[in-house]
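If you want the building blocks of each chain, they are given just below.
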Amino acid sequence: QVQLDESGGGLVQVGGSLRLSCASSGLTFSRYGMAWFRQAPGKEREFVAGLRWITTTYYADSVKGRFIISTDNAKNTLYLQMMGLRPEDTAVYYCAADSEYSDWRPEDMDYWGKGTLVSVSS
C-alpha cells in the first residue's frame with residue numbers, strides 16, 4: 001500500500017521561496033520515478049520536476065534554474081525547493097510516483113498525493 005502526503009504549501013510573495021515535502025510510505029524511492037506536478041485553476045495538470053534513481057533529475061522548462069527536486073531516503077521524503085517564485089507558479093502541487101519508469105505525463109503516474117496549495121502574490 002502506497003501513500004503520499006504533501007505539505008509545505010502556503011502564501012508567499014513574488015520572488016520568495018518555499019520547500020514542499022512529500023512524505024511517503026509503502027514504496028522505496030530507488031524503485032520508482034518520483035515527481036511533482038501542479039494544477040492551476042482552469043488548467044490541466046502539468047509536470048514540474050521528476051527524479052529517478054535518486055539523483056537523476058528532470059525539470060519542466062518553466063522551472064529550470066528555480067526549482068530543485070531531491071529526496072531524503074532516511075525519512076522517505078521527497079522535496080521540491082522552489083525559489084524565485086512567480087505568480088504563474090500559483091497552483092496545487094501534487095507528489096506522484098511511477099512504478100514503471102515510463103514518462104512524465106500525469107497518466108504515467110501510479111500514485112498521487114492529495115496536493116498542497118502554493119499561492120504567489122505581491
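Residues numbered from 1 in each chain as written. Predicted model: local features only at pLDDT ≥ 70, side-chain atom pairs only at ≥ 80, totals over all residues. Heavy atoms only, no water.

A.B. asks: Residue-level account of the nonpolar core, with values.
C.D. replies: Counting residues in each nonpolar core, the largest one holds 35 residues, and the members touching the most others are Met-34, Trp-36, Leu-80, Met-82 and Tyr-93. The element contributing the most residues to this core is strand E9 (residues 91–98), with five residues. For Tyr-93, the residues in contact, after removing those within four places along its chain, are Glu-6, Leu-20, Trp-36, Phe-37, Arg-38, Val-48, Phe-67, Leu-80, Met-82, Gly-115, Thr-116 and Val-118. (Core = buried A, V, L, I, M, F, W, Y, C linked by side-chain atoms within 4.5 Å. Buried < 20%, exposed > 50% of the residue type's maximum accessible area, 1.4 Å probe, protein only. Helix = DSSP H or I, 4+ residues; strand = E, 2+ residues; numbered from the N terminus. Contact = heavy atoms within 4.5 Å.)

A.B. asks: Can you break down the pattern of salt bridges residue by residue, with the values?
C.D. replies: Counted according to the given criterion, the structure contains five salt bridges. A salt bridge links Asp-61 to Lys-64; the shortest N-O distance between them is 3.1 Å. The class for Asp-61 is exposed, based on a relative accessible area of 66%. Asp-89 is the partner of Arg-66 in a salt bridge, and the nearest nitrogen-oxygen pair spans 2.7 Å. Taken as a pair, Arg-66 in the loop between strand E6 (56–59) and strand E7 (67–72) and Asp-89 in the loop between strand E8 (77–82) and E9 lie far apart in primary sequence, 23 residues in all. Within the structure, one salt-bridge network assembled from shared partners comprises Arg-38, Glu-46, Arg-66 and Asp-89. (Salt bridge = Lys/Arg side-chain N within 4 Å of Asp/Glu carboxyl O.)

A.B. asks: Describe in detail the sheet that holds E7, supporting the description with residues and values.
C.D. replies: The strand order E1-E3-E8-E7 describes an open sheet built from four strands, whose pairing is antiparallel. A strand with exactly one partner marks an edge of an open sheet, and here the two such strands are strand E1 (3–7) and E7. Across the sheet, the axes of successive neighbouring strands diverge by a mean angle of 20°, strand direction being ignored. Bridge count between E1 and strand E3 (residues 18–25): five bridges; the pairing is antiparallel. Residue pairing for E3: Ser-7 is matched across the bridge by Ser-21. (Pairing = 2+ DSSP bridges. Axes fitted to C-alpha atoms, helices over the stretch in contact; angles between N-to-C directions.)

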